Amino acid sequence: MPKRTYKLLSAVTLGELTAKNRVVLGPHRTNLAHGRRLTDDLFDYYKSYIDRNVGVLVTESASVEDHDWPYEYAPLAESFAKGWSRLTKYAKESGCLVVASLSHSGNEGSSVYSQRVMVGASEVPDVESNELPQTLSESQIESIVSHFCTASTYAFDAGVEAVEINASYRSLLRQFLSPINNLRDDRFGTDRALFLKLVLEGIKKISPKATVGVRLSLDELTPWGGIDEELGLAYIEQIEPYTDYVVVTRGGMFTRHLYRANFRYGHPTRRELLREVKKRVHDRIRVVAQGSFFDIADAEEVVTAGESDLVEMTRALIADEELVSQLTQEPTNTQPIRPCLGCNQRCNPIDSQNIRVDCLINPKHISVDTLSYLEPRLYPNLVGVPISKVVHIVGAGIAGMECAMLLGRRGYKVHLYDKRSILGGLIALYGDHAIGPRYRLLLQFYEHNLRATQNITIHLNKEIKANEDLHELKSNDLVVFANGADPAPITEPIPAKRFLTSEQIYEDVSSYEGKVVVVIDPRGNVESTTSTEKIALHAAKTYLVTPDPLYASRTAPTGDMIDANRRARLAGVELRTFSTISLSESPEELVIKRLFSRVKERIRADYVHKIGARQAKHNDDFDHLCIATIGDARVARSIFEAISDARKLDLYLTERHR
Amino acid sequence: MSIKYPMLGTEIDLGHLRLKNRLVFSAHLTNFAKAGLPSRQHLAYYQARARGGCGLIITEELSVHPSDWPYEKLIHAYNMEAERGFKEITRAVHSYGAKIFAQINHNGSQGTSAYSQYSLLAPSEIPDPLFRENPIAVSEKEIDEIVDSYAEVATLAQRSGFDGVELQCSHSSIVRQFLSPITNHRDDHFGGDITGRSKLLFEIVQRIRDNIEEPFVIGVRLCGDEMLENGIEIQDTLSLVRLLDSSSLVNYINTSIGVATASLYAIEASMAIRPGYNLYIPSQIRQETTLPVIASGRIKDPAQAEQILREGQADLIGAVRAQIADPYFAAKSLFDQERRVRTCLSCNQECVGRMGLNRWLGCIENPETGKEFLNEPKVAPLYERQAGVYSPMPPKAIPKPTRKSKNKAVIVGGGPAGLCAALTMSNENYAVRVYEERNSLGGLVSLAARAPFRAELAELVRNLEYELSSSNVLCETNTSLSARAITEMKPDVVILATGSSPKLPYYLKTFQANPPKGELGTADVVHVLEGTATPTGRVLVFDELGFHQGTSVSEMLAQRGCEVTVATPHMYVGQDLGVTLDLETWNLRVSELPLTQLPHHIITQVQGTDIYMLDHITGAEKVESFDWLVLANHRTTRNELCFQLAAEGVPRRNIALVGDVVAPRRIHQAVIEGYRVLQDIIDASA
């Protein structure tokens, strides 16, 4: 097979600099910048991309002044300067271009950490914090302009040769550009781009040779006002003289979830828009496409078509750090890319809990250190027992497949069993229905990997009940239980025969077709929305009963919460929030009780489904020496923990055999 | 010693240990930990309360095991590095004659694997209603390890100078999860009846006793009532108390109500719940045991504390929020300075309510709370010197109160921002005058306190007024000043605390507080609270704020017999009430009133008495006729005076803005801006 050449891998100039390839890791919140500076953890995180051939690395947006403190571990330019120096020194060798992203969040940040009033263009509250900003005076604006200049000086002095000014996601500069936020009648209102222009002009004055990029929202996607494409394009023309590249983004205060959109929004980066941008700007100006570029093919296409010069693939890189390095491998050595699902479940840690950036399908923070402590707890049956290099994995769900793939690569002889006729376990069940098309790519990824590895044997339609069912089991062979969870015992006062399991919902639609189904939802997560929507598609009537004050309350970081509410209501789901279920005297009836009130509603219901009601498999009576249990079979959780468990086992065994 | 509160000031023995009085600063989260270790912030925080005179401090929970990491800033006490920090804390607290216990805990299923990357442990595989993560049912081997870890941390505590340990069996604890029939479904000998369910508790206490050197105090904090269906009720707790009493293993019993992750509103009750709401727990427990019993929960007043002791409802008083608001609560109460206590409002806006948001503990009234480590108090207050028995520190110099002031500060506006600024400037020896246009001080806070169940907000104003009464500040009400009048006074500094005014939304041309018959009355919530508008009949309250403004006024109008609809663009009504733990109780109260909730709606236009609304989730439009429209919307700053002063030639650097005139926000921002106004003036002119 001839090695394919990618335009994406060709060099490109950015101002007077050259990027070795056209794949960009965009600025994103990591929650690793403790003390508002580059920590060792954050350095290691960026290093993993520098080492793997990423062309341009834009560091996490740094506040230009300390009154702007949007989240606890948000970088601050002054404190981060040493970090930039460390990164640029390290990146020099591999030729990765490090760009410093500079930002001021205005009233899209927080007043909690700085204990200072947030500032804004006008007296417009943010939709999220619902907090009013102080309207900036002209002299205050000038002082923020000088903060931007000082911050770029920190970056340039640290050896960074390019800065990127954030006028998009959570940005004061975008608030000035937006007719929604900027209601001023002074010169910063009549010329909304003035603030941004002053910032760019100031920086160019300090360092005329430096590369200056702008991350610009070209469309706030708010038809009732805000920046639209026409206005966005006009802004590009205005800032052109002061800039070397433009990152074309979308989204505003009301549409932050569309900046790095959930998979449900398809491909929000419109190629027509990119073409239009290209038309308006001088050839010298580089255009960076941003949005939901999850696949190399997509990115290569826009670059080849000349619609953009570079492509930001942040989430794709979070899902698989090897995204770029795989392309440079000889075809015989390449492995399929772990596909970003666009789920936004773990890579968008926007709440105040400071959870580190992570990936649902690529858990990043598993270390051997924690393992040495936790070993006897995770694998009580393996302590001090010799283990052969033959492994039998029972269950080919995500946990089982990940485990088979990892151990297969390490040269284990792997037998992977599943009672069903297909690989994928619970996800295959969900993926076939409502969760979204990209889940199939993950299944394909595993299937491809498993089938391509010689020493993995897959046994489908094979239920494992005893030792004899396993292929030539020897006493020191490792048996890994990854056979998922069972339906949980019912704790609600409702007869068992009226409960629907997850399997029934997806595989036996006729059992509840045309019936009245009540969904009890103590979770409010992605599983809740998926199952509820599936049920509503077939049931005559669906009630959703949750103790929360709103439906799908835990899906906010995925960007789907409001839309999930919309879909449920349009599908006719009867939402009963702040509510719980109890039994009535009549067997056909259920009582929905509103919490914190005496209000009760009696409804006739045929079936009840409880979200998340799954319980670990108990394989205790299986008679074998070396047993490990991973994924839902250990305790029912998400894909993330299924993969984590498999990786922990892989690390553990590697340590053992060392 | 106190004449008014003799019991509160009486010594008491816990085991071998004698406490100098009955006031306890009980365990509560602070989010002060750095990298899992106790910090300088902890040290200064506890030291301030010891200096303030309380008899006993119980630290926030110290986690005993690495499988337990429910929130980011937890103290990992199993990490031996913690010892150094603990030693500093115990030494500092002891230097004031106070005693200190370590609360030790494992949160079990009330946590997350997100920090530890390790699955949760619990008695049974039942997820917590808040954290929603399925835990692993612990094996007996794991139970044994957990019991060991409690004993290890208890010995570490003893080595670090703690006078005792308290075992949390209440808010968020694996021990409570074993005790509660809701979370313990085990069929081995750690489940079943109360003897089985309490087996873990007794094993832990026994193993601690086996490992520490006697004498050492061990206490338990029990949840008297989980407030949950099929959960622990007082009778279960009384059975447990009898078992504890006869075991002779523990030295005292601390009490609580509710569960941190399901019924938090009961634990840290807001001002909407009457004081003494949970005293049935300690008082019944006290009937069953000879051990000393601690009462706690919204005890914010020394008279109330004294009464609890006198009536025999408890032996000690846990007063947490009272001492968060005023570290000198104990000394002031015990030395007849109780009028100077900065009373807690039970507003929950900056303290316990937001612990779940991973923010450090603060106080709406006291900007120094949690920041004690930044500045040691400059001046030892009088009550501290009087409380010299508590304080071995040499008395500090007290400045003469009549030192002649040179600089003049004029403050326009007597709301919380203006009053706090007045105190700050007065403390820095400015001659301060406050001018307020209304007939009383307190601004919007005094008005907000008129709403049902919000009265205690007014204590903020009372506290400030009392402090001002002993300062050189002159306050003039009913006085509205022009820029010219201000400049004629030749002040060195003008502080504008002129606040904000209601803002008309685009769909209204004017407020109509006295509508002609048949027309729509329109008002801001402030108009309703001050009584300049009196809605009747069918009222639409439109709430853009999602905090107490809209919900309080809705409740007030519904109580008056109006037929109220509360509409909001948010996904539910009162979306920020959860932070102050008022969402549940407000819903409970209004469920009995003529009040309808209409979430995710916006007003598109108003025509006559018809109000057009859009459901922004589904796009459905509706129109309804009302008698009144009351708005709880964002306000607009009143900063005209700032420009007028500039026009009079007052240099901008001599003008400072504090509170709503900067941007209309909440009380906390007003207080903090008033508190640091001088620093901000200095910074701005630098």
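Thresholds, definitions, all that
Per chain, the residues get numbers from 1 upward, laid out in the order the sequence is written. The lettering of chains begins at A and the numbering of ligands begins at 1, in the order of writing. Totals for whole chains, interfaces and linings use every residue, but because this is a predicted model, local features are given only for residues with pLDDT of at least 70 and side-chain atom pairs only at 80 or more, for both listing and counting. Hydrogens and water are ignored here; the side-chain numbers use all heavy atoms of the structure. UniProt positions are given in the numbering used here, feature names are shortened, and annotations may be inferred rather than shown by experiment. Only runs of H or I of at least four residues qualify as helices and only runs of E of at least two qualify as strands under DSSP, and these elements are numbered from the N terminus. C-alpha atoms define the radius of gyration, and 2.2 Å times the number of residues to the power 0.38 defines the globule rule. Buried means the residue's accessible area, taken with a 1.4 Å probe over protein chains only, is under 20% of the maximum for its type, while exposed means over 50%, and partly exposed covers the values in between. Note on contacts: a residue pair is in contact if any heavy atoms of the two residues lie within 4.5 Å. Here, Shrake-Rupley sampling with a 1.4 Å probe gives the accessible areas, and only protein chains in the shown set may cover a residue. When charges are counted, Lys and Arg contribute as positive and Asp and Glu as negative, whereas His and the chain ends are disregarded. The atom standing in for a charge is NZ when the residue is Lys, CZ when it is Arg, CG when it is Asp and CD when it is Glu. Each pair of strands is called paired provided DSSP finds at least two bridges between the two strands. Note on method: axes are straight lines fitted to C-alpha atoms, helices fitted across the in-contact stretch only, with angles between N-to-C directions ranging 0 to 180 degrees. The split into domains, and so the bounds of each, comes from an automatic or database assignment of domains. Buried area is calculated as the accessible area (1.4 Å probe) missing from two parts once they are joined, with the contributions of both summed. A pairing counts as a salt bridge when a side-chain nitrogen of Lys or Arg comes within 4 Å of a carboxyl oxygen of Asp or Glu. Residues adjacent in sequence count toward polar contacts only when both atoms are side-chain atoms; beyond that, a polar contact is any pair of N or O atoms within 3.5 Å, and within protein one must be able to donate a hydrogen and the other to accept it. Following the grouping adopted for this structure description, the nonpolar residues are Ala, Val, Leu, Ile, Met, Phe, Trp, Tyr, Cys and Pro, the charged ones are Asp, Glu, Lys and Arg, and the polar ones are all others, Gly among them. By definition here, a helix of n residues has an expected span of 1.5 Å times n minus one. The directions considered for the arc run from the helix axis to the C-beta atoms. Definition used in this section: a nonpolar core is a set of buried Ala, Val, Leu, Ile, Met, Phe, Trp, Tyr and Cys residues joined via side-chain atoms within 4.5 Å.

- Per an unreviewed UniProt entry, the recorded name for chain B is 2,4-dienoyl-CoA reductase (NADPH2), and the organism is Ferrithrix thermotolerans DSM 19514.
- In its Sequence similarities (unreviewed entry) section, the UniProt record describing chain B reads: "In the N-terminal section; belongs to the NADH:flavin oxidoreductase/NADH oxidase family."

- In the nomenclature of an unreviewed UniProt entry, chain A corresponds to 2,4-dienoyl-CoA reductase (NADPH2) from the organism Ferrithrix thermotolerans DSM 19514.
- What UniProt states about chain A under its Sequence similarities (unreviewed entry) heading is, verbatim, "In the N-terminal section; belongs to the NADH:flavin oxidoreductase/NADH oxidase family."

Details of the overall build of chain A
Moving on, step 1. In terms of regular secondary structure, chain A is built from 19 helices and 28 strands.
Moving on, step 2. The C-alpha radius of gyration of chain A comes to 27 Å, within 12% of the 26 Å expected for a compact globule of 658 residues.
Moving on, step 3. Its C-alpha atoms put chain A at 75 × 65 × 45 Å along the principal axes.
Moving on, step 4. Within the span of chain A, comprising 658 residues, buried residues form 62% of the whole.
Moving on, step 5. Within chain A, residue pairs in contact and separated by at least 24 positions form 72% of the contacts whose partners lie at least 6 positions apart.
Moving on, step 6. Accessible area of chain A: about 24,700 Å², with a carbon and sulfur share of 50%.
Moving on, step 7. When the 81 basic and 87 acidic side-chain charges of chain A are each reduced to a single mean position, those positions are 1 Å apart.

Points about the overall build of chain B
Moving on, step 1. From N to C terminus, chain B includes 23 helices and 28 strands.
Moving on, step 2. For 686 residues, the compact-globule formula gives about 26 Å, and the C-alpha radius of gyration of chain B, at 27 Å, lands near that figure.
Moving on, step 3. On the principal axes, the C-alpha backbone points of chain B span a range of 75 × 65 × 45 Å.
Moving on, step 4. Here chain B holds 686 residues, and the buried ones make up 63% of them.
Moving on, step 5. Considering only intrachain contacts with a sequence separation of at least 6, the fraction spanning at least 24 residues in chain B is 72%.
Moving on, step 6. About 25,000 Å² of surface is accessible on chain B, with carbon and sulfur atoms providing 51% of the total.
Moving on, step 7. Seen as two clouds, the 66 positive and the 80 negative side-chain charges of chain B have centres 9 Å apart.

A few points about unusual backbone geometry
Most of the time, phi is negative for any residue but glycine, and the peptide bond is trans.
Moving on, step 1. B:E214 connects to B:P215 through a cis peptide bond whose omega is 0°.
Moving on, step 2. Summarising the element assignment, B:P215 is placed in the loop between α6 (199-211) and β10 (217-225).
Moving on, step 3. Its identity is not glycine, yet A:Q115 carries a phi of approximately 55°, on the positive side.
Moving on, step 4. For B:N31, which is not a glycine, the phi torsion comes out positive at approximately 55°.
Moving on, step 5. By secondary structure assignment, the location of B:N31 is in the loop between β3 (23-25) and α1 (40-51).

What to know about the sheet that holds strand β15 (residues 431-435) of chain B
Two strands in a sheet stick together by hydrogen bonds in their backbones, pointing the same way (parallel) or opposite ways (antiparallel).
Residues and elements named next belong to chain B.
Moving on, step 1. As summarised here, the arrangement of the five strands in space is β16-β15-β14-β17-β28, forming an open sheet in which the pairing is parallel. Each edge of the open sheet carries a strand with a single partner, namely β16 (474-476) and β28 (655-657). For this sheet the average axis-to-axis angle between neighbouring strands, irrespective of direction, equals 20°.
Moving on, step 2. Examined bridge by bridge, strand β14 (residues 408-412) and strand β17 (residues 493-496) share four bridges and lie parallel to one another.

Topic: the domain arrangement of chain B
Residues and elements named next belong to chain B.
Moving on, step 1. When cut into domains, chain B gives domain 1 (12-390), domain 2 (408-498 + 662-685) and domain 3 (521-634).
Moving on, step 2. Computed from C-alpha coordinates alone, the two centres of domain 1 and domain 2 are separated by 37 Å.
Moving on, step 3. On the domain 1 side of the interface with domain 2, the three residues burying the most area are M271, R339 and P367, jointly 31% of the side's total.
Moving on, step 4. Across the domain 1-domain 2 interface, the total number found is three salt bridges.
Moving on, step 5. A salt bridge links E456 to R298; the nearest nitrogen and oxygen atoms lie 2.8 Å apart.
Moving on, step 6. Counting every contact that joins domain 1 to domain 2 gives eight residue pairs in polar contact (both at pLDDT 80 or more).
Moving on, step 7. For the side of domain 1 that touches domain 2, the residue count by class is eight nonpolar, four polar and nine charged.

What to know about the side chain of A:H392
Residues and elements named next belong to chain A.
Moving on, step 1. On the secondary structure map, H392 appears in strand β14 (residues 390-394).
Moving on, step 2. A distance of 2.8 Å separates a polar atom in the side chain of H392 from a polar atom in the side chain of Y417.
Moving on, step 3. Within polar-contact distance, the side chain of H392 engages the side chain of D477 at 3.2 Å.
Moving on, step 4. Sequence-distant contacts of H392, that is, excluding residues within four places in its chain, are made with H415, Y417, L470, H471, L473, D477, L478, V479 and V480.

Examining the interface of chain B and chain A
Put simply, an interface is often sized by how much accessible area is lost when its parts join up.
Moving on, step 1. Across the contact, 60 residues belong to chain B and 59 residues belong to chain A.
Moving on, step 2. Across the chain B to chain A interface the summed buried area is about 5,100 Å²; carbon plus sulfur atoms make up 48%.
Moving on, step 3. Salt-bridge contacts for A:K593 lead to B:E229; the nearest nitrogen and oxygen are separated by 3.6 Å.
Moving on, step 4. For the pair chain B and chain A, the number of links is 31 residue pairs in polar contact (both at pLDDT 80 or more).
Moving on, step 5. Contributing elements (two or more residues each) for the side of chain B that touches chain A: α20 (583-590), β27 (636-637) and α22 (667-675) of chain B.

Digging into helix α7 (residues 234-247) of chain B
Residue and element names in this part refer to chain B.
Moving on, step 1. Over its 14 residues, α7 runs 20 Å from end to end, which matches the ideal 20 Å to within 8%, given 1.5 Å per residue.
Moving on, step 2. Taken together, the buried positions of α7 are I234, T237, L238, L240, V241 and L244. The arc that holds every buried residue of α7, seen down its axis, measures 165°, which confines them to one face.
Moving on, step 3. Along its buried surface, α7 packs onto α4 (174-179), α5 (194-197), α6, β10, β11 (252-257) and α9 (280-288).
Moving on, step 4. Count one or two residues on from α7 and you reach S248, which has phi positive near 60°.

Side note on the sheet that holds strand β28 (residues 627-629) of chain A
Residue and element names in this part refer to chain A.
Moving on, step 1. Taken in spatial order, the five strands of this open sheet run β16-β15-β14-β17-β28, and their pairing is parallel. Taken across any chain shown, the strands that pair with only one partner, and hence form the sheet edges, are β16 (456-459) and β28. Adjacent strand axes in the sheet meet at a mean angle of 20°, parallel and antiparallel pairs treated alike.
Moving on, step 2. Of the pairings in the sheet, the one linking strand β15 (residues 413-417) to β16 comprises four bridges and is parallel in character. Bridge pairing links H415 to T457 in β16.

Here's the deal with the nonpolar core
Moving on, step 1. A:W84, A:I165, A:F195, A:L196 and A:L216 are the most contacted members of the largest nonpolar core, which has 245 residues in total.
Moving on, step 2. Setting aside anything within four residues of it in sequence, one finds A:I165 in contact with A:L102, A:F148, A:L173, A:L196, A:V199, A:L200, A:I203, A:V212, A:G213, A:V214 and A:R215.

Section: helix α6 (residues 194-206) of chain A
Moving on, step 1. Its 13 residues give α6(A) an end-to-end C-alpha distance of 18 Å, which sits within 8% of 18 Å, the value for a rise of 1.5 Å per residue.
Moving on, step 2. Where α6(A) is buried, its residues contact α3 (138-157), β9 (162-167), α4 (172-177), α5 (187-190), β10 (211-217) and α7 (229-239) of chain A.

Structural notes on the domain arrangement of chain A
Residue and element names in this part refer to chain A.
Moving on, step 1. Assigned domains within chain A: domain 1 (7-333), domain 2 (371-486 + 615-656) and domain 3 (489-612).
Moving on, step 2. For domain 1 and domain 3, the distance between their C-alpha centres works out to 42 Å.
Moving on, step 3. The partner domain 3 presents seven residues to the four residues of domain 1 that form the contact.
Moving on, step 4. Summed over both partners, the interface of domain 1 with domain 3 comes to about 420 Å²; 36% of that surface belongs to carbon and sulfur atoms.
Moving on, step 5. For the domain 1 face of the interface with domain 3, the top three residues by lost area are N262, R264 and Y265, together amounting to 87%.
Moving on, step 6. Our count for the contact surface shared by domain 1 and domain 3 stands at one salt bridge.

Observations concerning the pattern of salt bridges
Moving on, step 1. In the structure shown here, the tally under the stated rule is 90 salt bridges over all chains.
Moving on, step 2. As a salt-bridge pair, A:E72 and B:K73 come within 2.6 Å of each other at their nearest N and O atoms. Residue A:E72 is located in the loop between β5 (62-63) and α2 (77-94), and its partner B:K73 is located in the loop between β4 (56-63) and β5 (75-76); the two belong to separate chains. One exposure class covers both A:E72 and B:K73, and it is buried.
Moving on, step 3. With its nearest N and O atoms 3.6 Å apart, the salt bridge here joins B:E563 to B:R538. Here B:R538 lies in strand β20 (residues 538-543) and B:E563 lies in strand β21 (residues 563-567), a separation of 25 residues in the sequence.
Moving on, step 4. With relative accessibility at 46%, the residue B:E563 sits in the partly exposed group.
Moving on, step 5. Judged by its relative accessible area of 27%, B:R538 is partly exposed.
Moving on, step 6. If you follow the salt bridges from partner to partner, you end up with A:E108, A:D126, A:E128, A:R170, A:R174, A:E220 and A:R256 in one network.

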